[in-house]
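Close look at the chain arrangement
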Amino acid sequence: MTQTQQPAALPAAGYTDFRRRRSVGSTLRRAGALARRNKLGAVGVILVLLILFVAIFSPLIKRYDDTESFQTANPDFNPTANPFEIAANPGLASPYILDRWESPLGSDHWLGTDQFGRDIYSRIVVGARLAVLIGVGASLIAVISGSIVGLVSGYFGGKIDLVIQRFVDAIQAFPGLVLLMLIVSIMDRPSLTLMIVALGFLGFATSVRIVRSSVLGVSQAAFVEAARSYGATDIRIMLQHVLPNILAPILVVFSISIGAYILAEASLSFLGLGPADKTTWGKMVNAGRVALDLHPWESVISGAAITLAVLGFNLAGDAIRDELDPRLRGR
Amino acid sequence: MTNYIIRRLLLNLLVLWFVASLVFIGTHALPSDFAQKRVASTFTGQDQTEAIASARRELGLDKPLARQYVEFMGELARGDLGTSLETQESTWAELGRRVPTTLELGSIIVFVTFALSIPIGVISAAKQNTWIDLSLRAVSILGVAMPVFFVAILLSLLVVRFSLFEIDVVGHPHLWTDPEAAVKLYVIPAIAGGISGGAGIMRILRSQMLEVMRQDYIRTARAKGLHDSRIWVRHALKNAMLPVLTVMGLTISGIVGGQIILETMFNIDGVGRFLFSRLNARDFPPFQGTVLVTAFIIVTVNLAVDLTYAWIDPRIRYT
């Protein structure tokens with residue numbers, strides 16, 4: 001019985017095969033090592049995972065509907081009271097009283113209730129989904145549109161580049177919030193989609209800048225020269241040779257700006273320009289201001305939620321940048 | 001150098017023209033205009049279409065868009081920022097009344113921004129990895145993540161809870177008319193704006209300081225026996241400030257955004273609140289004018305920053 005022995009294919013020295021399957025254990029070990037090296041990054045990743053969990057499972061973990069007003073039977077209710085008695089004591093008129101401004105932990109409502117007797121915990125949970133949707137959605141739009149335009153601008157250079165860069169200058173010459181206010185006002189009752197597109201448009205300028213400068217660095221490389229010499233078309237060079245080499249900065253821009261979009265959306269919602277009919281954290285901070293001295297909880301809790309979400313995405317984004325492209329530090 | 005400045009000024013004109021066009025397109029894409037808002041608030045009859053149409057005619061909003069655009073550009077070229085549809089006052093007059101207030105608050109915010117971020121950034125770098133550094137970094141990371149209005153709310157709560165002082169919401173005190181009332185009015189927005197603006201600078205400055213302190217010229221300075229404080233300030237800080245200057249345009253833009261929120265929150269009659277209220281009233285000429293003035297300031301700051309580079313870092317030469 002003869003068996004032909006196939007020589008095992010040996011990987012060349014220094015060659016890492018990224019397609020190799022890693023065992024779960026080794027992946028966890030690597031993650032653990034990373035976390036030890038970058039503790040803040042680990043905190044960020046944990047916060048992001050927590051927020052993603054809340055956002056994904058919000059219908060399951062919210063305890064009540066975010067718009068439901070809680071009320072209790074009014075012990076003083078007197079259906080036979082005449083108008084004079086009601087004028088003297090308005091408490092007689094309605095069969096129910098709203099459970100307004102309940103304090104956290106004091107009742108069935110974990111984080112208390114707001115001025116309309118709505119459960120703050122449930123509203124925070126519902127707001128988390130919106131924040132994630134807006135942050136990730138806007139960042140996706142910004143990065144995809146910014147990469148296409150940045151690629152064209154950096155690769156072709158010349159007049160196209162000049163015009164695109166002045167357009168980008170113009171967007172950045174607007175104070176961001178003003179541009180957002182203007183775009184969002186296009187609809188009398190801004191929709192969630194419009195909100196995401198507006199934020200994405202604002203981030204488009206930054207993405208173009210960073211992608212363009214990365215393209216400038218890559219397009220002088222020898223392999224681009226080589227591709228051009230064997231007659232590859234511009235589109236082919238851009239997609240096959242330049243794009244794969246700038247994926248790292250693109251991913252960094254994507255992850256690092258999510259927090260900023262959540263922050264910007266909160267500012268708009270706070271000013272009353274947020275997505276109509278949706279429960280957002282920014283709106284909650286603003287709503288809580290009506291009784292800030294006596295019942296600060298709604299503002300404080302929703303403000304803390306914004307801060308934690310932005311903090312998580314920022315720290316995780318920083319960690320991704322440090323791993324992938326430390327040169328972008330300080331941008 | 002002169003050529004460079006001229007070229008940049010021309011490019012800035014191009015940028016401002018883009019901004020003007022963007023804001024023109026933006027405002028005219030809005031579904032409601034001032035005529036509708038005015039008719040809706042004053043006219044109670046059944047059919048408003050006729051009233052809206054006549055209001056548009058009266059305000060000149062019925063002209064073809066292209067003509068409005070050309071007129072708008074013509075006015076801009078003459079330095080005319082338009083007239084408010086509501087008060088019939090020129091935008092320059094409206095701005096003139098509010099610019100002092102905004103500059104007052106704005107310069108306090110800028111002062112707090114740098115008074116917080118420069119020392120904290122330097123100390124953080126000098127005490128790298130000690131508990132001082134760690135807590136200062138925690139503060140800066142939190143400062144970046146906190147919305148400016150939340151900082152302001154927390155500060156207000158602090159003031160209210162400990163009855164530190166009472167904020168007089170009536171009247172518009174200035175530092176030069178009623179210093180005490182003005183300080184009380186401005187202290188919360190100024191600190192909030194300063195924390196939000198300074199947190200990012202703090203982080204950039206810290207990492208730059210660490211970078212610079214590793215350079216050869218710092219070792220040379222040490223070797224010639226210079227005093228530590230002189231090295232930190234003259235040799236390190238000056239070089240570490242370059243990237244901070246780079247983001248100056250963004251910082252100003254952030255402070256403008258912060259001023260819109262803070263002035264609206266604290267009822268301060270400045271340019272920020274004016275801008276927001278003009279958009280809400282769909283009173284576009286003053287809105288467009290104010291946006292253009294802000295954009296002009298931002299592009300000018302950016303140009304000034306690029307020019308100061310050459311002054312701070314003699315290796316940079318513009319041709």
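By convention here, each chain's residues receive numbers from 1 onward along its written sequence. Working convention: letters from A go to chains and numbers from 1 go to ligands, in the order in which they are written. In keeping with the model being predicted, local features are shown solely for residues with a pLDDT of at least 70 and side-chain atom pairs are shown and tallied solely at 80 or more, while totals for entire chains, interfaces and linings include all residues. Hydrogen atoms and water are omitted, and side-chain values are computed over all heavy atoms in the structure.

Considering the interface of chain B and chain A
How we decide: By the convention used here, residues are in contact when the closest approach between their heavy atoms is within 4.5 Å. For any pair of parts, buried area is found by adding up, for both, the accessible area (1.4 Å probe) each one loses once the two are put together. A pair is scored as a salt bridge if a Lys or Arg side-chain nitrogen falls within 4 Å of a carboxyl oxygen belonging to Asp or Glu. Counting of polar contacts relies on pairs of N or O atoms within 3.5 Å, with two restrictions inside protein: one atom must be capable of donating a hydrogen and the other of accepting it, and residues adjacent in sequence are counted only when both atoms are side-chain atoms. Numbered from the N terminus, helices here are DSSP runs of H or I no shorter than four residues, and strands are runs of E no shorter than two. Polar here means any residue other than Ala, Val, Leu, Ile, Met, Phe, Trp, Tyr, Cys and Pro, which are nonpolar, and Asp, Glu, Lys and Arg, which are charged; Gly is therefore polar.
At the interface, 47 residues of chain B touch 45 residues of chain A. Buried surface at the junction of chain B and chain A, summed over both partners, amounts to about 3,900 Å²; 80% is from carbon and sulfur atoms. At the junction of chain B and chain A, the tally comes to one salt bridge. When the shortest N-O distance is used, the salt bridge between aspartate 318 of chain A and arginine 203 of chain B registers 2.7 Å. Here chain B is connected to chain A by three residue pairs in polar contact (both at pLDDT 80 or more). At the level of elements, helix H1 (2-29), helix H6 (131-145), helix H7 (148-161), helix H8 (179-213), helix H11 (248-265), helix H12 (271-280) and helix H13 (284-312) of chain B are the ones that each hand at least two residues to the side of chain B that touches chain A. Per element, the largest residue contribution to the side of chain B that touches chain A is ten residues, and it comes from H1 of chain B. Tallied by class, residues from the side of chain B that touches chain A come to 35 nonpolar, eight polar and four charged.

Remarks on the domain arrangement of chain B
All names here are of chain B. Condition: Residue ranges labeled as domains rest on an automatic or database domain assignment.
Segmentation of chain B into domains returns domain 1 (32-80) and domain 2 (94-312). Here domain 1 and domain 2 have C-alpha centroids that lie 39 Å from each other. Contacts between domain 1 and domain 2 engage six residues on the former and seven residues on the latter. Carbon and sulfur atoms make up 64% of the surface buried where domain 1 meets domain 2, a total of about 500 Å² over both sides. It is Phe34, Lys37 and Phe72 that lose the most area in domain 1 upon contact with domain 2, and together they represent 66% of the buried surface on that side. At the boundary of domain 1 and domain 2, one finds zero salt bridges. Linking domain 1 with domain 2 are zero residue pairs in polar contact (both at pLDDT 80 or more).

As for the nonpolar core
Condition: Residues belong to one nonpolar core when they are buried, are Ala, Val, Leu, Ile, Met, Phe, Trp, Tyr or Cys, and are joined through side-chain atoms within 4.5 Å. Each residue gets one of three labels from its accessible area relative to the maximum for its type: buried under 20%, exposed over 50%, partly exposed in between, using a 1.4 Å probe on protein chains only.
Met181 and Trp281 of chain A together with Val19 and Phe149 of chain B are the most contacted members of the largest nonpolar core, which has 125 residues in total. Top contributing element to this core by residue count: helix H5 (residues 120-156) of chain A, with 14 residues. Sequence-distant contacts of valine 19 of chain B, defined by excluding residues within four places in its chain, comprise Ala170, Ala173 and Phe174 of chain A together with Val291, Leu292 and Ala295 of chain B. In terms of nonpolar packing, the next biggest core, distinct from the first, is built from 19 residues, Ile204, Ile218, Ala236 and Val247 of chain B among them.

A few points about the pattern of salt bridges
Residues and elements named next belong to chain B. Per the stated rule, a full pass over the model turns up 21 salt bridges over all chains. Here arginine 98 ties to aspartate 269 by a salt bridge, and the two come within 3.0 Å at their closest N and O atoms. Taken together, the residues arginine 98 in helix H5 (residues 91-126) and aspartate 269 in the loop between H11 and H12 connect sequence positions 171 residues apart. Residue classification places arginine 98 among the buried residues on the basis of a relative accessible area of 11%. With a shortest N-O distance of 3.5 Å, glutamate 180 and lysine 184 are connected by a salt bridge. Taken as a pair, glutamate 180 and lysine 184 lie in helix H8 at a separation of four residues, close to a single helical turn. Shared partners join several salt bridges into a network, and the residues in it are Glu89, Glu94, Arg97, Arg98, Asp269 and Arg273.

Here we look at the environment of tyrosine 69 of chain B
Residue and element names in this part refer to chain B. Note that tyrosine 69 resides in helix H4 (residues 65-77). Given the relative accessible area of 23%, tyrosine 69 is considered partly exposed. With 48 residues separating them in the primary sequence, tyrosine 69 and serine 21 have C-alpha atoms 8.2 Å apart. Once you skip the residues sitting within four places of it in the chain, tyrosine 69 turns out to touch Trp17, Ser21 and Phe24.

Points about unusual backbone geometry
Residue and element names in this part refer to chain B. Even without being glycine, glutamine 88 reaches a positive phi, approximately 60°. Of note, glutamine 88 is situated in the loop between H4 and H5. On the basis of relative accessible area, glutamine 88 is assigned to the exposed category, the value being 55%. In this model, asparagine 267 sits at a positive phi of 55°, which is unusual for a non-glycine residue. Of note, asparagine 267 is situated in the loop between H11 and H12.

Thoughts on a positive patch on the surface
Residue and element names in this part refer to chain B. So the rule is basically this: Patch membership is restricted to residues that have no salt bridge and whose relative accessible area is over 30%. Joining uses 9 Å for like charges and 5 Å for the nonpolar side chains Val, Leu, Ile, Met, Phe, Trp and Tyr. The method behind every accessible area is Shrake-Rupley, applied with a 1.4 Å probe, and residues are considered shielded solely by the protein chains displayed. In this tally Asp and Glu are treated as negative and Lys and Arg as positive; neither His nor the chain ends contributes. In this description, the location of a charge corresponds to atom NZ of lysine, CZ of arginine, CG of aspartate or CD of glutamate.
Residues Lys224, Arg230, Arg234 and Lys238 make up a contiguous surface patch of positive charge. Mapped onto the secondary structure, arginine 230 falls in helix H10 (residues 228-246). Taking the relative accessible area as the measure of exposure, arginine 230 reaches 41% and is therefore partly exposed.

What to know about the environment of leucine 111 of chain A
Residues and elements named next belong to chain A. Mapped onto the elements of the fold, leucine 111 is located in the loop between strand E2 (96-98) and H5. In this structure the C-alpha to C-alpha distance between leucine 111 and lysine 278, which are 167 residues apart in sequence, comes to 19 Å. Discounting chain neighbours no more than four positions away, the residues touching leucine 111 are Pro104, Ile120, Tyr121, Ile124 and Ile301.

So, the side chain of serine 207 of chain A
Residues and elements named next belong to chain A. Turning to its location among the elements, serine 207 is positioned in helix H8 (residues 192-218). Look at serine 207 and you get buried, because its relative accessible area is 2%. Residues within four places of serine 207 in sequence aside, it is in contact with Ala142, Val143, Gly146 and Val253.

So, the packing of aromatic side chains
To keep things clear, this is the line we draw: Aromatic rings from Phe, Tyr and Trp, taking only the six-membered ring of Trp, are treated as a pair when their centres fall within 6.5 Å; an angle between ring planes under 30 degrees marks them as stacked, one over 60 as edge-to-face, and anything in between as tilted.
A complete count under the given rule lists nine aromatic pairs over all chains for this structure. Ring geometry for phenylalanine 270 of chain A versus phenylalanine 149 of chain B: centroids 4.0 Å apart, planes at 5°, classification stacked. A residue pair is termed interchain when its members come from two chains, as with phenylalanine 270 of chain A in helix H11 (residues 247-270) and phenylalanine 149 of chain B in helix H7. Taken individually, phenylalanine 270 of chain A and phenylalanine 149 of chain B each receive the classification buried, so the pair is uniform in this respect. A connected cluster of aromatic rings, assembled from ring pairs, spans Phe167 of chain A together with Trp17 and Phe18 of chain B.

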